[in-house]
Amino acid sequence: MINFGLTKSGDEIPNYKSPEQLKKSPVDRRSDIFSAGIVVYELLTGAYPFAGPAHEIAQRISDGKEKEKPPSQVNSAVLPAFDEVSAKALAKIPDARYPTARAFGDGIRRAFASAHDAQLSRRVSNETIFAFTSPRSEPEHMPALAPPPSTSSTPAVTPIAATPVAPIPVPA
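Keep in mind that what you see is a predicted model, and the values were worked out from it rather than measured.

Enquirer: What is the right way to look at the packing of helix H2 (residues 29–45) against helix H6 (residues 101–115) in this model?
Expert: Helix-helix packing: each pair is described by the crossing angle between the helix axes and the interaxial distance. Contact pair H2 / H6: the axes reach a minimum separation of 10 Å and the direction vectors enclose 30 degrees. The angle between H2 and H6 falls in the class roughly parallel. In this structure, H2 meets H6 at a crossing whose hand is right-handed. In contact with Ile33, Ala36, Gly37 and Val40 of H2, H6 contributes Ala101, Phe104 and Ile108. Class assignment of the residues belonging to the contact of H2 with H6 gives a composition of six nonpolar, one polar and no charged.

Okay, here's the thing in structure tokens:
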């Protein structure tokens, strides 16, 4: 996972490091699954999965003693089908995590399908899954804002409607 300046030091949170990174042990792609699991947890709940000062959290995670609350207990709008996906992605032992990002994505798709009694194809995008599973505080439809009034120094702007794009089929 590329560090976009998200991993902080000192008492700042958030920290997206896996237990093996915190222990300075060898890492593989499952370390990225842990970090992505934190991001998915935050998308589902709006909260960081571990509580307390950063140095204590890091120690508890690396010791394997830190256990996050299931997302459905943090945010009642999150369906319980996502609790197992989150727990597997945030497993403290790498062998207990999803082995690949594709497997993690498939787990999210299965949770979404079981929560909505639907069969998902590989054509359902990750954006669609997150759009239907993330908490919403705003109404489903927001009216478009009127463009700012035109002045002699500012040319008028005509809004252009976005054209929906069909998802690209992914071979199974």
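Enquirer: What is the right way to read the environment of Ala103 from this model?
Expert: Along the polypeptide, Ala103 turns up in helix H6. You can call Ala103 buried: its relative accessible area is 18%. Put simply, Ala103 and Ile33 are 70 residues apart on the chain and 9.8 Å apart in space, counted from C-alpha to C-alpha. Those residues in contact with Ala103, other than ones at most four positions away along the chain, are Tyr98 and Arg110.

Enquirer: How should the packing of aromatic side chains be read in this particular structure?
Expert: Both the distance between ring centres and the angle between the ring planes are used here to describe each pair of aromatic rings. Throughout the structure, instances matching the rule amount to four aromatic pairs. Taking 6.4 Å as the distance between ring centres and 5 degrees as the angle between the ring planes, the aromatic pair formed by Phe34 and Phe50 counts as stacked. On the criterion of sequence distance, the pair formed by Phe34 in helix H2 and Phe50 in the loop between H2 and helix H3 (54–63) is long-range, its members being 16 residues apart. Considered together, Phe34 and Phe50 belong to a single accessibility category, that of buried residues. Joined through ring pairs, the aromatic side chains of Tyr16, Phe34, Tyr48 and Phe50 make up one cluster. Seen from the ring of Tyr98, Lys88 lies directly overhead, with NZ or CZ sitting 4.9 Å from the centre.

Enquirer: I'm lost on the confidence of the model for the chain in this one. Help?
Expert: Detail in the predicted coordinates should be disregarded across regions flagged by low pLDDT. For the chain, the mean per-residue pLDDT works out to 74, and 59% of the residues sit at or above 70. Mean pLDDT across the elements of the chain bottoms out in helix H7 (residues 126–133) (60) and peaks in helix H5 (residues 81–89) (94). A low-confidence stretch, residues 1–13 (pLDDT under 50), is modelled with 21 contacts involving residues beyond four sequence positions or located in other chains.

Enquirer: What is the right way to look at the nonpolar core in this model?
Expert: Buried together is how nonpolar side chains tend to be arranged in soluble globular proteins. In this structure, Phe82, Val85, Tyr98, Phe104 and Ile108 are the most contacted members of the largest nonpolar core, which totals 13 residues. At five residues, H6 tops the list of elements feeding residues into this core. For Phe104, the residues in contact, after removing those within four places along its chain, are Ile33, Ala36, Gly37, Val40, Val85, Ala89 and Tyr98. Membership of the second largest hydrophobic core comes to nine residues, among which are Tyr16, Ile38, Ile61 and Leu90.

Enquirer: What is the right way to look at unusual backbone geometry in this model?
Expert: Of all residues except glycine, most have a negative phi; of all peptide bonds, most are trans. Despite not being glycine, Lys24 shows a phi value in the positive range, around 60 degrees. Counting through the fold element by element, Lys24 comes out in the loop between helix H1 (19–22) and H2.

Enquirer: Just to check I follow, could you spell out H2 for this structure?
Expert: Each α-helix turn comprises 3.6 residues. Residues three or four places apart therefore point the same way. Taking 1.5 Å of rise per residue, the 17 residues of H2 would be expected to cover 24 Å, and the 24 Å separating its terminal C-alpha atoms lies within 8% of that figure. Positive backbone phi, at 80 degrees, marks Gly46, one or two positions downstream of H2.

Enquirer: Looking at this structure, how should I read H6?
Expert: Compared with the 21 Å implied by 1.5 Å per residue over 15 residues, the 21 Å span of H6 between its first and last C-alpha is a close match. Of all the residues in H6, the buried ones are Ala103, Phe104, Gly105, Gly107, Ile108, Arg109, Ala111, Phe112 and Ala113.

Conventions and cut-offs
- Residues numbered from 1 in each chain as written.
- Predicted model: local features only at pLDDT ≥ 70, side-chain atom pairs only at ≥ 80, totals over all residues.
- Heavy atoms only, no water.
- Axes fitted to C-alpha atoms, helices over the stretch in contact; angles between N-to-C directions.
- Helix = DSSP H or I, 4+ residues; strand = E, 2+ residues; numbered from the N terminus.
- Parallel < 35°, antiparallel > 145°, perpendicular 65-115°, else oblique.
- Left-handed = near helix turned anticlockwise from the far one by under 90°.
- Contact = heavy atoms within 4.5 Å.
- Nonpolar A, V, L, I, M, F, W, Y, C, P; charged D, E, K, R; others polar.
- Buried < 20%, exposed > 50% of the residue type's maximum accessible area, 1.4 Å probe, protein only.
- Phe/Tyr/Trp six-rings, centres within 6.5 Å; stacked < 30°, edge-to-face > 60°.
- Lys NZ or Arg CZ within 6 Å of the ring centre and 35° of its normal.
- pLDDT = per-residue confidence, 0-100.
- Core = buried A, V, L, I, M, F, W, Y, C linked by side-chain atoms within 4.5 Å.
- Expected span 1.5 Å × (residues − 1).

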